[in-house]
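These are the residues of each chain, in order.
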Amino acid sequence: MKLHQKVAAEVEAAFVKAQLGDYPIILQPAKNADFGDYQINGVMGAAKKTKQNPRELAQRVADILTSSDLIDAATVAGPGFINLRLNSNQLAQQIHHAVNDSRLGISKSATPQTVVIDYSSPNLAKEMHVGHLRSSIIGDSLNRILSFLGHEVIPQNHVGDWGTQFGMLVAYLVEQKQSGRADLELADLEQFYRNAKVRFDEDETFANTAREYVVKLQSGDEQVLTLWRQFVQTSLAHANTVYQKLGLKLNNSHVKGESAYNDQLQSTVDELAHQGLAVDSQGAKVVFLEEFKNQDDEPAAFIIQKKGGGFLYASTDLACLRYRINQLHGNRLLYVVDARQSLHFAELFTIARKAGWLPDTTQAEHVPFGTMMGKDGKPFKTRSGDTVKLITLLDEAVSRASALVKAKNPALSEEEAAHIGQVVGIGAIKYADLSKNRTSDYVFDWDSMLSFEGNTAPYLQYAYTRVQSIFRKAENPPQEAQITLNEPLEKQLALELLRFEDVLNNVADTAYPHYLANYLYHIATLFSRFYESCPILKANTEAIRASRLQLARLIGLTLKEGLALLGIDTLEAM
Ligand code: ARG
């Protein structure tokens, strides 16, 4: 069981004994380790409510708590605070259990859910660009963490593979095939899109053909569909190259693009109309939402079918949501999408609830994230102002990191430097993103993300290799040993290591991976202090040496597992 839960159970029992059973307890890890390991707040409120003297009540609770095996001391600090000091032997036992368990003592959820996570979801008309980086990285990390905690995760890559742009792209593909240049042109999708757009704007005949293709696509013309499929496959292959470089868990089986919902769009709209939720407005079908007033204090209009019958992004998302509930049986739907789409999702979920499609028992959450900025404080672009292709960015990360490790350690062979560069470069990009609160914009800066100091991937990866090097130096380290926590720093480390499960559960609940990143950084800094002040290999006695090696082992395992859950690899040496 997680440490926090154990302590909470003790406190709860003490509250019951003190006849405060239904009073909410506020239990927190202590802010200052000098006073204790945990802190209980809220006794003041309980005392007021039950008309008791707060200090006396606190003392009564403290006395009960002191008799617990887990707790060495409970001291009343102010009228409403109790500081708890946990028993070192109990902590040592839990560390012993964690270090010898393949899951590091972390249990799976007692109430596993089917979690559908919508992430990456690029528009296939163009090459993936930096705008898709955040969704891909955050979504993949949530996928890993929720899976580790025993949930069934179904990733969904809601690629944009439908819409008028594809008529233009198919028309251009036909032209390129005629001149034998199709393969060449398709190698760079960004350029392909731009060339097609130029043709569309300059040549009326081409533009008309493109429009015809849109109609043919929508009416299911087999010939045009074949060409469209070819384009989509090529674009997906480009995306897969990016996913492989990033080491994402996404593959083709998770692709369920906008086009997949075509057949359901009309019935979805009809059903909303039938329920009276959608009404005709200037030829279009619209759901008006009182809950979302616009600037003029009028209900927001959620358009689900255009005048003339065309469907939109919103119509697809409605059909898609139903699919995720009815076919995939999701009990929790996460949408890892740019914060600028917040209103869209808020409205979407509201309509789905009203229509009875989204039951109360199913959570639907938009997991928003901010924009990736350049050092100039503007959205990240190339020097010439173009969007940056993701593949270029990843290659640059790897080559920068390779050069860096080569400079640090010139003895490395080209191959070794390239491999380490790969792990460090990709890790740096991911960690720079995952270590920040996702809701804010963040500045993409090579120097800070590739630094070996501070809250970065290289720092954590390096900390891991330092732990591993201890084990290389320790000849025949004992597999198992009794753990003793005598030094305050040892105890602090133990407490922190035992919080791993709480941290993961917190990330699972809130979908904020930066809690995990910050936790790992804290572990790494504690390790560094521990390493300096508590000799491990040269400890005074064999027993202390063996005990400290176990602590170091758990630090290493925690860093490795934690980074893996963020989608970041580790190396045994760098
Ligand atoms: N393709 C969209 C974009 O690039 C993101 C799709 C997100 N998922 C969804 N179900 N709407 O902005």
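Everything here concerns the structure above.
Conventions used here
Residues numbered from 1 in each chain as written. Predicted model: local features only at pLDDT ≥ 70, side-chain atom pairs only at ≥ 80, totals over all residues. Heavy atoms only, no water. Helix = DSSP H or I, 4+ residues; strand = E, 2+ residues; numbered from the N terminus. Buried < 20%, exposed > 50% of the residue type's maximum accessible area, 1.4 Å probe, protein only. Contact = heavy atoms within 4.5 Å. Near = heavy atom within 4 Å. Areas by Shrake-Rupley, 256 points an atom, 1.4 Å probe, with all protein chains shown as cover. Nonpolar A, V, L, I, M, F, W, Y, C, P; charged D, E, K, R; others polar. Core = buried A, V, L, I, M, F, W, Y, C linked by side-chain atoms within 4.5 Å. Salt bridge = Lys/Arg side-chain N within 4 Å of Asp/Glu carboxyl O. Polar contact = N/O pair within 3.5 Å; in protein donor to acceptor, adjacent residues only side chain to side chain. Phe/Tyr/Trp six-rings, centres within 6.5 Å; stacked < 30°, edge-to-face > 60°. Lys NZ or Arg CZ within 6 Å of the ring centre and 35° of its normal. Axes fitted to C-alpha atoms, helices over the stretch in contact; angles between N-to-C directions. Parallel < 35°, antiparallel > 145°, perpendicular 65-115°, else oblique. Pairing = 2+ DSSP bridges. Arc of directions from axis to C-beta.

Asker: Just give me the short version of the overall build of the protein chain, but keep the residues and values in it.
Answerer: A tally of regular secondary structure across the protein chain gives 21 helices and 13 strands. The dimensions of the protein chain, computed from C-alpha atoms along their principal axes, are 85 × 70 × 40 Å. Looking at the protein chain residue by residue over its 574 residues, the buried ones come to 52%. Relative to all contacts within the protein chain whose residues are 6 or more apart in sequence, the contacts with residues 24 or more apart total 71%.

Asker: Please set out the site of the ligand residue by residue, giving values where relevant.
Answerer: Taken together, the residues surrounding the ligand are Asp118, Ser121, His132, His158, Tyr313, Asp317, Tyr335, Val337, Gln341 and Phe345. In the complex, 84% of the free accessible area of the ligand, which totals 350 Å², lies under the protein chains. When its residues are assigned to classes, the shell around the ligand shows four nonpolar, four polar and two charged.

Asker: How would you explain the nonpolar core if you had to name every residue and give the values?
Answerer: In this structure, Leu84, Leu393, Ile429 and Leu516 are the most contacted members of the largest nonpolar core, which totals 129 residues. The biggest single contributor to this core is helix H15 (residues 414-434), with 10 residues. In this structure, Ile429 is in contact with Leu133, Ile137, Leu393, Leu394, Ala397, Phe444, Trp446 and Met449, ignoring residues within four places of it in sequence. Core analysis: the second largest hydrophobic core is formed by 33 residues, Val116, Tyr261, Val287 and Ile304 among them.

Asker: Go over the pattern of salt bridges, please, and point to the residues and values.
Answerer: In this structure the tally under the stated criterion is 26 salt bridges. Here Asp37 ties to Arg85 by a salt bridge, and the two come within 3.7 Å at their closest N and O atoms. Placement of the pair is Asp37 in the loop between strand E1 (26-29) and strand E2 (38-41) and Arg85 in strand E4 (residues 82-86), with a sequence separation of 48 residues. In this structure, Lys293 and Glu290 form a salt bridge, with 3.8 Å as the shortest nitrogen-oxygen distance. For Glu290, a relative accessible area of 52% translates into the label exposed.

Asker: For the environment of Asp140, give the residues involved together with the corresponding values.
Answerer: Here Asp140 shows up in helix H5 (residues 133-148). On the basis of relative accessibility, which here comes to 2%, the residue Asp140 falls in the buried class. What Asp140 contacts, discounting residues up to four positions off in sequence, is Tyr119, Ser135, Gly247, Leu248, Lys249 and Leu250. At 3.0 Å, the side chain of Asp140 forms a polar contact with the backbone nitrogen of Lys249.

Asker: If you had to explain the packing of aromatic side chains to someone new, which residues and values would you point to?
Answerer: Using the criterion set out here, one finds 15 aromatic pairs in the structure. Each ring, one from Phe444 and one from Trp446, has its centre 5.0 Å from the other, and the planes form 80 degrees; the classification is edge-to-face. Of the two residues, Phe444 and Trp446, both sit in the buried class. Taken together through their ring pairs, the aromatic side chains of Phe166, Tyr172, Phe192 and Phe231 make up a single cluster. Looking at Arg103, its charged tip hangs above the ring of Phe148, at a distance of 4.2 Å from the centre. The ring of Phe452 has Lys408 sitting right over it, with the charged end atom 4.5 Å from the ring centre.

Asker: Account for the packing of helix H9 (residues 204-218) against helix H10 (residues 222-246), naming residues and giving values.
Answerer: Contact geometry of H9 with H10 gives a least axis separation of 8 Å together with a crossing angle of 100 degrees. When the axes of H9 and H10 are compared, the pair comes out roughly perpendicular. For the pair H9 and H10, the contacting residues are Tyr213, Lys216 and Leu217 in the first and Val224, Leu225 and Trp228 in the second. Along the lines of polarity and charge, the residues of the contact of H9 with H10 split into five nonpolar, no polar and one charged.

Asker: Tell me about the environment of Lys108, and name the residues and values.
Answerer: Inspection of the secondary structure assignment puts Lys108 in the loop between helix H4 (88-99) and strand E5 (114-118). Along the sequence, Lys108 and Ile429 sit 321 residues apart, while their C-alpha atoms lie 29 Å from each other. With residues near it in sequence (within four places) discarded, Lys108 still touches Arg103, Phe148, Leu149 and Gly150.

Asker: Please provide a residue-by-residue account of the side chain of His514, values included.
Answerer: The topology assignment puts His514 in helix H20 (residues 514-533). When neighbours within four sequence positions are excluded, His514 is seen to be in contact with Leu434, Ser435, Lys436, Asn437 and Arg438.

Asker: Run through unusual backbone geometry, naming residues and quoting values.
Answerer: Even without being a glycine, Lys51 presents a positive backbone phi close to 55 degrees. By secondary structure assignment, the location of Lys51 is in the loop between helix H2 (43-49) and helix H3 (54-66). Backbone geometry places Leu104, a non-glycine residue, at a positive phi of 55 degrees. Its location among the elements puts Leu104 in the loop between H4 and E5.

Asker: An account of the sheet that holds strand E8 (residues 284-293) is requested, with residue identities and associated values reported.
Answerer: With antiparallel pairing, the three strands of this open sheet are ordered in space as E7-E8-E9. One side of each edge strand has no neighbouring strand; the edge strands of this open sheet are strand E7 (278-281) and strand E9 (299-305). Between one strand axis and the next, the sheet turns through 45 degrees on average, direction left out of account. As judged from the four bridges shared by E7 and E8, these two strands associate in the antiparallel manner.

Asker: Kindly report on helix H11 (residues 262-274), identifying the contributing residues and their values.
Answerer: Buried residues of H11: Leu265, Thr268, Val269 and Leu272, and no others. For H11, the angular spread of buried residues about the axis comes to 95 degrees, placing them on one side. Set apart from the buried face of H11 by more than 90 degrees, the exposed residues are Asp263 and His274. Each element contacted by the buried residues of H11 is listed here: E7, E8, E9, helix H12 (313-326) and helix H13 (342-354). Positive phi appears at Gly276, one or two residues downstream of H11, with a value of about 80 degrees.

Asker: How would you explain the sheet that holds strand E6 (residues 152-156) if you had to name every residue and give the values?
Answerer: Taking strand neighbours across the sheet as the criterion, the four strands line up as E6-E5-E10-E11 in an open arrangement whose pairing is parallel. Here the strands that pair on one side only, and so sit at the sheet edges, are E6 and strand E11 (363-369). On average, adjacent strands in this sheet sit at an angle of 20 degrees to one another, irrespective of strand direction. Contacts from H5 reach E5, E6, strand E10 (332-338) and E11 within the one sheet, and its direction differs from that of E10 by about 155 degrees.

Asker: I'd like a rundown of the environment of Leu57, residues and numbers included.
Answerer: Relative to the elements of secondary structure, Leu57 occurs in helix H3. Given a relative accessible area of 0%, Leu57 falls into the buried group. In this structure the C-alpha to C-alpha distance between Leu57 and Val43, which are 14 residues apart in sequence, comes to 7.5 Å. If we ignore the near neighbours within four places in the chain, the residues touching Leu57 are Ala18, Leu20, Val43, Ala46, Ala47 and Gln52.

Asker: Account for helix H19 (residues 500-510), with residues named and values stated.
Answerer: All buried positions along H19 are accounted for by Phe500, Glu501, Asp502, Val503, Leu504, Val507 and Ala508. Residues of H19 that are buried in the fold lie against helix H1 (3-17), H5, E10, helix H18 (488-497), H20 and helix H21 (542-565).

The quantities given are spatial measurements derived from coordinates; they are silent on function.
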